[in-house]
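Examining the three-dimensional arrangement
These are the residues of each chain, in order.
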Amino acid sequence: MKVIVIGATGNLGTRVVAALLTHGHSVVAYVRSSKKLESLLPASAFRQITVVEGDAKNSVSIKKAILDANCDAVVNTAGLAALPPWGKSDLPEIFQAVLNGVKEAGSDRKKPLRVWFLAGMGVLYYPGTESMLSNYIPIYLEHRKNFSLLKSLPPNTVDWSMLCPATMTPESPDVNVPSKSSHGALIANAAYLPLWQDSWVKHVPLLGRVLMCAINAPRYTTTLEQNADFIATDLESFESRWSGTTVGIIDGSK
Ligand SMILES: NC(=O)c1ccc[n+]([C@@H]2O[C@H](COP(=O)([O-])OP(=O)(O)OC[C@H]3O[C@@H](n4cnc5c(N)ncnc54)[C@H](OP(=O)(O)O)[C@@H]3O)[C@@H](O)[C@H]2O)c1
């Protein structure tokens, strides 16, 4: 597929570019600074991709980049959610602009684009409920509004999925483009975390679910490379089982 990565200079974005190349996709990187991207990628990888400079808050420029390069899919890793519940970042503005750009590009080419967005595990539901995990540990709340925007989209405007990792750590400080993917596979689940560990602690009055979230959260640490590989693998096909849903993941190799 031809995939545009918005935010390709970030921790995840650089790994997504690398994973897409490993999986044989054509890559367009949408970044604020081509020079910065060049300094982050292996020279051989940088030579294989098309770079477009632009701001992720500019929906017109995003739409143009998608249509000019005739992209089929988008991965948005631009912006970083604020951690405290009162925190504010650029992410909501970026998310809205990317969504508008993607929607309008889909409308012009008369076919919705396949898009991966990023959020955090807080927008997934507590097992057996439709109450978000961030109701119990209220951090990175900006992702909730982004998820609401996706849920309110009219049908057939954007073919979206929202990956919801907990903390992602690098496997290596440098970005590598292996000829074959060798990362421990992730186990994924729609809307809920896979392999949640239940315990009597959930019955503790008032705090049971908060404690359950705190106990489980560290089990869901994954690597940036694993998440990048997960997205690049999904984009090998136009049909995805993750269309229209949030996706929870755990490292299946641990
Ligand atoms: N890292 C984690 O452990 C983790 C866990 C769960 C969820 N997430 C979510 O995953 C996403 C990616 O995280 P990350 O760690 O890769 O973030 P990051 O390293 O901070 O990368 C953010 C990217 O956004 C780009 N960006 C910011 N504002 C922009 C703008 N106005 N125009 C164009 N590009 C812009 C940055 O470009 P510049 O290089 O030009 O600044 C950078 O490439 C975020 O939404 C984050 O909340 C991260």
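Each chain has its residues counted from 1, following the order in which its sequence is written. Owing to the predicted nature of the model, reporting of local features is limited to residues with pLDDT of at least 70; listing and counting of side-chain atom pairs is limited to 80 or more, with chain, interface and lining totals taken over all residues. Working from all heavy atoms in the structure, the side-chain values ignore hydrogens and water.

Focus: the overall build of the chain
The line we're drawing: Numbering goes from the N terminus for both helices and strands, where a helix is a DSSP run of H or I of at least four residues and a strand is a run of E of at least two. Our radius of gyration is a C-alpha quantity, and the globule rule it is checked against amounts to 2.2 Å times the number of residues to the power 0.38. Exposure is judged per residue with a 1.4 Å probe applied to protein chains only, and the accessible area is read against the type maximum: over 50% gives exposed, under 20% gives buried, and values in between give partly exposed. Contacts are assigned to residue pairs that have any heavy atoms within 4.5 Å of one another. All accessible areas in this document rest on Shrake-Rupley with a 1.4 Å probe, and a residue is counted as covered only by the protein chains that are shown.
Regarding its fold elements, the chain presents 8 helices and 10 strands. For 254 residues, the compact-globule estimate of 2.2 N^0.38 gives 18 Å, and the chain sits close to it at 18 Å. Its C-alpha atoms put the chain at 55 × 40 × 35 Å along the principal axes. Here the chain, with 254 residues, has 51% of them falling under the buried criterion. Taking the intrachain contacts of the chain between residues at least 6 apart in sequence as the baseline, contacts between residues at least 24 apart amount to 75%. Counting only carbon and sulfur atoms, one obtains 54% of the accessible surface of the chain, whose full area is about 12000 Å².

Some details on the pattern of salt bridges
Two side chains carrying opposite charge are able to pair once their charged atoms lie near each other. What counts, and what does not: Salt-bridge detection follows one rule: a side-chain nitrogen of Lys or Arg within 4 Å of a carboxyl oxygen of Asp or Glu.
The final tally for this structure, using the stated rule, is 8 salt bridges. Here Lys57 makes a salt bridge to Glu93, at a shortest N to O gap of 4.0 Å. Linking Lys57 in the loop between β3 (50-53) and α4 (59-68) with Glu93 in helix α5 (residues 91-108), this pair joins segments that are 36 residues apart in sequence. Exposure remark for Lys57: the relative accessible area of 33% places this residue in the partly exposed category. On the basis of relative accessibility, which here comes to 47%, the residue Glu93 falls in the partly exposed class. What emerges from the salt-bridge pattern is a single network uniting Lys57, Asp90 and Glu93.

Considerations on the packing of α4 against α5
Put simply, the test is: Under this scheme, a helix contributes an axis fitted over its contacting stretch, all axes are lines through C-alpha atoms, and angles between N-to-C directions fall in the 0 to 180 degree range. Any angle between 65 and 115 degrees counts as roughly perpendicular, while under 35 counts as roughly parallel, over 145 as roughly antiparallel, and the rest as oblique. A crossing counts as left-handed when the near helix is turned anticlockwise from the far one by less than a right angle, and as right-handed when that turn is clockwise. Nonpolar residues are Ala, Val, Leu, Ile, Met, Phe, Trp, Tyr, Cys and Pro. Charged residues are Asp, Glu, Lys and Arg, and all others, Gly as well, are polar.
Orientation of α4 relative to α5, taken along the N-to-C sense of each, is 45°, at an axis distance of 8 Å. Relative to α5, the element α4 is oriented oblique. Note on packing geometry: the crossing formed by α4 with α5 is right-handed. Across the interface between the two elements, Ser59, Ile62, Lys63, Ile66 and Leu67 of α4 pack against Ala97, Val98, Asn100, Gly101, Val102, Glu104, Ala105 and Asp108 of α5. When its residues are assigned to classes, the contact of α4 with α5 shows 7 nonpolar, 3 polar and 3 charged.

Some words on the packing of α5 against helix α6 (residues 142-151)
Two elements in contact, α5 and α6, have axes separated by 9 Å at closest approach and are oriented at 20°. Classified by the interaxial angle, the pair formed by α5 and α6 is roughly parallel. Pair α5 / α6 crosses with right-handed handedness. Touching Leu91, Pro92, Phe95, Gln96 and Leu99 of α5 are Glu142, His143, Lys145, Asn146, Leu149 and Leu150, all from α6. A per-class count over the contact of α5 with α6 returns 6 nonpolar, 3 polar and 2 charged.

Observations concerning the pairing of strand β6 (residues 159-163)
Selection rule: In this description, strands pair whenever DSSP reports at least two bridges between them. Consider the strands pointing away from the viewer: the crossover is right-handed when the path from the first strand over the helix to the second runs clockwise.
For β6, a buried count of 4 out of 5 residues is recorded, marking the element as mostly surrounded by other parts of the structure. The pairing of strand β5 (residues 114-118) with β6 spans 5 bridges and is classified as parallel. What sits directly across from Val115, in β6, is Trp160. For the crossover that starts at β5, traverses α6 and ends in the parallel β6, the hand is right-handed.

With respect to the side chain of Asn146
Tracing the sequence through the fold places Asn146 in helix α6. Judged by relative accessible area, which is 1%, Asn146 ranks as buried. For Asn146, the residues in contact, after removing those within four places along its chain, are Leu91, Pro92, Phe95 and Met162.

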